[in-house]
Amino acid sequence: MTPDPPDQVDPPPAPAGPQPPSAPDAFTGTDRQMMALALDLARQAAAMGEVPVGCVVYHTHSGQVLGRGANRRQTDADPAAHAEVLAIRQAARALGDWRLNDCTLAVTLEPCPMCAGLIVNARVGRLIYAAADPKAGACGSLMRLTEDPRLNHRVRPLTGLMADQCAQVLREFFRARRAQPD
């Protein structure tokens, strides 16, 4: 006797690779304001000697900022002190709930695997990132963790909002860092 076939076969995950920028009309005026705020946070991080990444979590419909973060790994000597982690923790505290279904996360750089996993686990409703990260990006560049059909929550990122400005801040930071004597 052969076993019954499974009721449902999960489709394979989407192939990794750079995501095309989202259409400009996919972004709201609030999205643009929040990415500008995230870019300001990234610049503040750079001024502190941190990799310039900024993040804002806001209520999708009201635009109320619930959490904000800038990289603090060097400052806090904490490998998990990524902008997204700090912003998500602050937003969850503000809501009194770990589920961020009605929230949008806007970040200046494509989330890494750790942050993408947190975005899934926090049930973030919308994800917007500016610049792609070909070395560590887990939302389109190296993998599509936030869209993996095997996970219990998925969010398809919207990409490219203010990508040039955010990428320029990163390029300037690393150019200056390389120019410093060892």
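All of the points below concern the structure found in this document. (Residues numbered from 1 in each chain as written. Predicted model: local features only at pLDDT ≥ 70, side-chain atom pairs only at ≥ 80, totals over all residues. Heavy atoms only, no water.)

1. Observations regarding the overall build of the protein chain
Alright, step 1. Each helix and strand counted, the protein chain has five helices and five strands in total.
Alright, step 2. For the protein chain, the succession of helices and strands along the chain, N to C, is α-β-β-α-α-β-α-β-β-α.
Alright, step 3. The contacts of the protein chain with a sequence gap of at least 6 include a subset with a gap of at least 24, amounting to 62%. (Helix = DSSP H or I, 4+ residues; strand = E, 2+ residues; numbered from the N terminus. Contact = heavy atoms within 4.5 Å.)

2. Re the nonpolar core
Alright, step 1. Ranked by size, the top nonpolar core spans 25 residues in total, and within it Val57, Ile88, Leu100, Leu105 and Ile119 carry the most contacts.
Alright, step 2. Within the residue set of this core, elements represented by two or more residues are β1 (54–59), α3 (83–95), β3 (103–109), α4 (113–121), β4 (126–131) and α5 (163–179). (Core = buried A, V, L, I, M, F, W, Y, C linked by side-chain atoms within 4.5 Å. Buried < 20%, exposed > 50% of the residue type's maximum accessible area, 1.4 Å probe, protein only.)

3. Observations regarding a positive patch on the surface
Alright, step 1. On the surface, a cluster of positive charge is contributed by Lys135, Arg171, Arg175 and Arg178.
Alright, step 2. With respect to the helices, strands and loops of the structure, Arg175 is situated in helix α5. (Patch = residues over 30% accessible without salt bridge, like charges linked within 9 Å, V, L, I, M, F, W, Y side chains within 5 Å. Areas by Shrake-Rupley, 256 points an atom, 1.4 Å probe, with all protein chains shown as cover. Salt bridge = Lys/Arg side-chain N within 4 Å of Asp/Glu carboxyl O. Lys, Arg positive; Asp, Glu negative; His and termini not counted. Charge placed at Lys NZ, Arg CZ, Asp CG, Glu CD.)

4. Remarks on helix α1 (residues 29–47)
Alright, step 1. In this model, α1 (19 residues) spans 27 Å end to end at C-alpha, consistent with the 27 Å of a helix rising 1.5 Å per residue.
Alright, step 2. Turning to α1, its buried residues number three or more, namely Asp31, Met34, Met35, Ala38, Leu39, Leu41, Ala42 and Ala45. For α1, the angular spread of buried residues about the axis comes to 160°, placing them on one side. Along α1, exposed side chains directed more than 90 degrees from the buried face belong to Gln33 and Ala47. (Expected span 1.5 Å × (residues − 1). Arc of directions from axis to C-beta.)

5. Section: the sheet that holds strand β2 (residues 65–70)
Alright, step 1. The sheet built from five strands is open, its strands ordered β2-β1-β3-β4-β5 with mixed pairing. Each of the sheet's edge strands pairs with one partner strand only, and the pair in question is β2 and β5 (158–159).
Alright, step 2. The pairing of β4 with β5 spans two bridges and is classified as parallel. Directly across from Ile128, in β5, lies its bridge partner Leu158. (Pairing = 2+ DSSP bridges.)

6. Considering unusual backbone geometry
Alright, step 1. The phi angle at Arg123 is positive, at roughly 60°, despite the residue not being glycine.
Alright, step 2. Mapped onto the elements, Arg123 comes out in the loop between α4 and β4.
Alright, step 3. Given a relative accessible area of 18%, Arg123 falls into the buried group.
Alright, step 4. Here the phi dihedral of Met162 falls at roughly 60°; this positive angle occurs in a residue that is not glycine.

7. Some points on the layout of surface pockets
Alright, step 1. Considering only enclosed or pocket space, the largest pocket measures out at about 540 Å³ in volume.
Alright, step 2. Lining the largest pocket are 23 residues, with Val51, Val53, Leu109, Asp133 and Phe174 positioned closest to its centre.
Alright, step 3. Of all elements in the fold, only α2 (73–76) and α5 reach the threshold of two or more residues within the lining of the largest pocket.
Alright, step 4. Here the lining of the largest pocket gets five residues from one element, more than from any other, and that element is α5.
Alright, step 5. Classifying every residue of the lining of the largest pocket by side-chain character gives ten nonpolar, four polar and nine charged. (1 Å grid on protein atoms, 1.4 Å probe; cavity = no way out; pocket = protein on both sides within 12 Å on 5 of 7 lines; lining within 4 Å. Points joined across faces, edges and corners; volume = space filled by probe spheres on them. Nonpolar A, V, L, I, M, F, W, Y, C, P; charged D, E, K, R; others polar.)

8. Digging into the packing of aromatic side chains
Alright, step 1. If you walk through the whole model with that rule in mind, you get one aromatic pair.
Alright, step 2. Judged by centre distance (5.1 Å) and plane angle (80°), the rings of Phe173 and Phe174 are edge-to-face.
Alright, step 3. Since its relative accessible area comes to 29%, Phe174 is described here as partly exposed. (Phe/Tyr/Trp six-rings, centres within 6.5 Å; stacked < 30°, edge-to-face > 60°.)

9. Section: α5
Residue pairs three or four apart in sequence face the same way in an α-helix, which turns once every 3.6 residues.
Alright, step 1. Taking 1.5 Å of rise per residue, 17 residues should cover 24 Å, and α5 covers 24 Å from first to last C-alpha, within 8% of that figure.
Alright, step 2. Looking at α5, one finds that the buried residues are Ala163, Cys166, Ala167, Val169, Leu170 and Phe173. Along the axis of α5, the buried residues cluster in a sector spanning 155°; they form a single face. α5 presents Asp164 and Ala179 as exposed residues on the side facing more than 90 degrees away from its buried surface.
Alright, step 3. Along its buried surface, α5 packs onto α1, β3 and β4.

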